[in-house]
Amino acid sequence: MSSARDIVQKLWSYCSILRDDGLSYPDYVEQLTYLLFLKMAHETATAPGGADIVPKGMDWPSLVERRGDDLYRHYSEVLKTLGASDGMLGLIFRDSRNKIKDPHKLRLLIADLIDARHWSALDVDVKGDAYEGLLEKNAQDTKSGAGQYFTPRPVVDAIVECVDPKPGERILDPACGTGGFLISAARHVRIRNPDMTPAEEEHLRLHAIRGGELVGEVTRLAAMNLLLHGIGPNAGTAEPPVATQDSLAVPPKELYDVIITNPPFGKRSSVTLVTKAKEGDVERRRVLRDDLWVSTSNKELNFLQHVAVSLSQGGRAAIVVPDGVLSGPGAGSAIRRRLLETFDVHTLLRLPAGIFYAAGVNANVLFFDHKSSDQGSGRGRLWVYDLRTDKRFTLVGHRLSSADLTEFTKLYEPADRAKREDSWVEDLVGGRWRSFSVDEILKREDCSLDLFWLPSQGNAMASQNFDEIVGDLVADLQFALAEAAKLMPGDERRKEER
């Protein structure tokens, strides 16, 4: 059986054929999404006991039997018709249009790439991981901006392992991008619970996973990604697992047991969320969210508030936040104080630089729980793991791996946090795991969570790792040259290659 990597390489190889026609990486992935869905819908319909998902005449056989201009016109009509549907059909095809202008190349995709493989026969992990690998390649195209929707897999998996979602729980990502967190959560539940009942599996597939995404084109990628991983309804009008929505615009309709998310970074929003309505709010672009604690236009702080108020009692959350959310006066200080006083804010992971496709990001993961009624009002300790000081990673050459997060996930002790012990000892160098009293943090100026204690080794470390750093720089330069080559017109690029 083909591996996910082999399938990604074959899928991606066709992109170069279409790039000469001006099709971008995101356009290519989007068109593949439409075709893959139609092929798998046909496979489902023709399987024993299967049912038609796509209307006759708009289905996969109607594409396979056509060629030339007839294929081009019909494919365009299929996208338009299915885009007006309800349920998963409407979610995946809404506002879709044919961007493949050459009928011969469209035929090549349909007959040679998609129709030649029986996708439904592939293991869920193989076909799902293949599609996710395609999304990651798309994220590497920095010109498209797709990287903002992609969180490194080792970070996602480490967060999910720590939060430890379970069968029967409801899981939310209010800024889901292409669905990485939600897929990792579903995979975690299945691996840790191989003996789930049919009812538990159905709950996981249809009801447990929910996500929101602001950009419609990205929502369709998330829906397809989830579907290929066995999450979501195959057809009909059943509620899809993801929706195109501004998650900050309205209070949550229901509460969730687990929330895991990496919201978009950026200080200001064009809209201010306010806790009390005032005259002229519409003209001033204010949105009433009386369930939030503090009025602010800082969307990072608003996502933090939104996650907190969306948690059910006893629920668990992990949210990726930039450094600015951890410190500073005003709204940030008030929100941190409210969070520390009313929630169990127990863990902070300081992430290293150089791991996100969006450049210049210094990020952290904040873990907190909505206290259950039997926990009382006492405050405990905030445990901080510093994976940033004297750590250097790049997108090529020296990438962050799961092994780099193994110590953190082990020290986290998801099964029993009472077993935690500091690895840091005063007056001794080293020890990236240290706890702080929440009561003491509340006394700090602005309730700052910007907590560091390890001295940087600076030049000593640089001299020890000189060869490694030079290797990383060479790899980065090669990557930059390859990206620059993509910007060259087709004719000039071919001359350069000769």
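Counting from 1, residues in each chain are numbered in the order their sequence is written. Local features are withheld for residues below a pLDDT of 70 in this predicted model, meaning they are given only at 70 or higher, and side-chain atom pairs are given and counted only at 80 or more; totals for whole chains, interfaces and linings count all residues. Side-chain measures were taken over the full set of non-hydrogen atoms in the model, leaving aside hydrogen atoms and water.

A few words now on the packing of helix H8 (residues 153–163) against helix H9 (residues 180–192). Angular values range over 0 to 180 degrees, each being the angle between N-to-C directions of two axes fitted as lines to C-alpha atoms, with helices fitted over their stretch in contact. Going along the chain from the N terminus, every DSSP run of H or I of four or more residues is numbered as a helix, and every run of E of two or more is numbered as a strand. Running from N to C, H8 and H9 point in directions that differ by 50°, and their axes come no closer than 9 Å. With respect to H9, the axis of H8 lies oblique. Relative to H9, the crossing made by H8 is right-handed. In this structure, H8 uses Arg153, Val156, Asp157, Ile159, Val160 and Glu161 to contact H9, whose residues at the interface are Gly180, Phe181, Ser184, Ala185, Arg187, His188 and Arg192. Residues were grouped as follows: Ala, Val, Leu, Ile, Met, Phe, Trp, Tyr, Cys and Pro as nonpolar; Asp, Glu, Lys and Arg as charged; and all remaining residues, including Gly, as polar. For the contact of H8 with H9, the class distribution of residues is five nonpolar, three polar and five charged. Reported orientations rely on four angle classes, namely roughly parallel under 35 degrees, roughly antiparallel over 145, roughly perpendicular from 65 to 115, and oblique for the rest. Put simply, a crossing is left-handed when the front helix is turned counterclockwise from the back one by less than a right angle, and right-handed when it is turned clockwise. By the convention used here, residues are in contact when the closest approach between their heavy atoms is within 4.5 Å.

So, about helix H4 (residues 68–82). Its 15 residues place the ends of H4 22 Å apart at the C-alpha level, agreeing with the 21 Å of an ideal helix rising 1.5 Å per residue. Burial in H4 covers these residues: Leu71, His74, Tyr75, Val78, Leu79 and Leu82. Burial along H4 is one-sided: seen end-on, the buried residues are contained in an arc of 140°. Seen from the open side of H4, the exposed residues pointing more than 90 degrees away from its buried face are Asp69, Arg73 and Lys80. Residues of H4 that are buried sit in contact with helix H2 (25–46), helix H3 (60–64), helix H5 (87–93) and helix H6 (103–114). Helix span, expected: 1.5 Å multiplied by one less than the number of residues in the helix. Working definition: with a 1.4 Å probe on protein chains only, accessible area under 20% of the residue-type maximum means buried, over 50% means exposed, and in between means partly exposed. Taking the helix axis as origin, the arc is that swept by the directions to the C-beta atoms.

With that settled, the discussion passes to the packing of aromatic side chains. Working definition: a ring pair exists when centres of Phe, Tyr or Trp rings (six-membered ring for Trp) sit within 6.5 Å. Plane angles under 30 degrees give stacked, over 60 give edge-to-face, the rest tilted. Inspection of the entire model under this criterion finds twelve aromatic pairs. Ring geometry for Phe408 and Trp433: centres 6.2 Å apart, planes at 75°, overall edge-to-face. Of this pair, Phe408 sits in helix H14 (residues 406–412) while Trp433 sits in strand S12 (residues 433–437), and the two are 25 residues apart along the sequence. For Phe408, a relative accessible area of 1% gives the class buried. One aromatic cluster in this structure is built from Phe367, Trp383, Tyr385, Phe408, Tyr412 and Trp433. For a ring to carry a charge above it, either NZ of a lysine or CZ of an arginine must fall within 6 Å of the ring centroid while also lying within 35 degrees of the normal to the ring plane. The residue whose ring lies beneath Arg117 is Trp119, and the NZ or CZ to ring-centre distance is 5.7 Å.

A separate point is the nonpolar core. Tyr28, Phe37, Ile159, Ile260 and Phe367 are the most contacted members of the largest nonpolar core, which has 98 residues in total. Top contributing element to this core by residue count: H2, with eleven residues. Setting aside anything within four residues of it in sequence, one finds Tyr28 in contact with Leu11, Trp12, Tyr14, Cys15, Leu18, Leu23, Leu109 and Leu113. Core analysis: the second largest hydrophobic core is formed by 43 residues, Leu326, Phe368, Val384 and Cys447 among them. Side-chain atoms within 4.5 Å link the members of a nonpolar core, which is a set of buried Ala, Val, Leu, Ile, Met, Phe, Trp, Tyr and Cys residues.

Take the confidence of the model for the chain next. Predicted coordinates in areas of low pLDDT are best not read in detail. Looking at any residue, its pLDDT shows the predictor's confidence there, from 0 to 100. Mean pLDDT over the chain stands at 84; residues scoring 70 or higher make up 83%. Segment residues 459–472: pLDDT under 50, and eight contacts once partners within four positions in sequence are set aside and those in other chains are kept. Below a pLDDT of 50 lies the segment residues 491–498, which in the model reaches seven contacts outside its immediate sequence neighbourhood of four places, other chains included.

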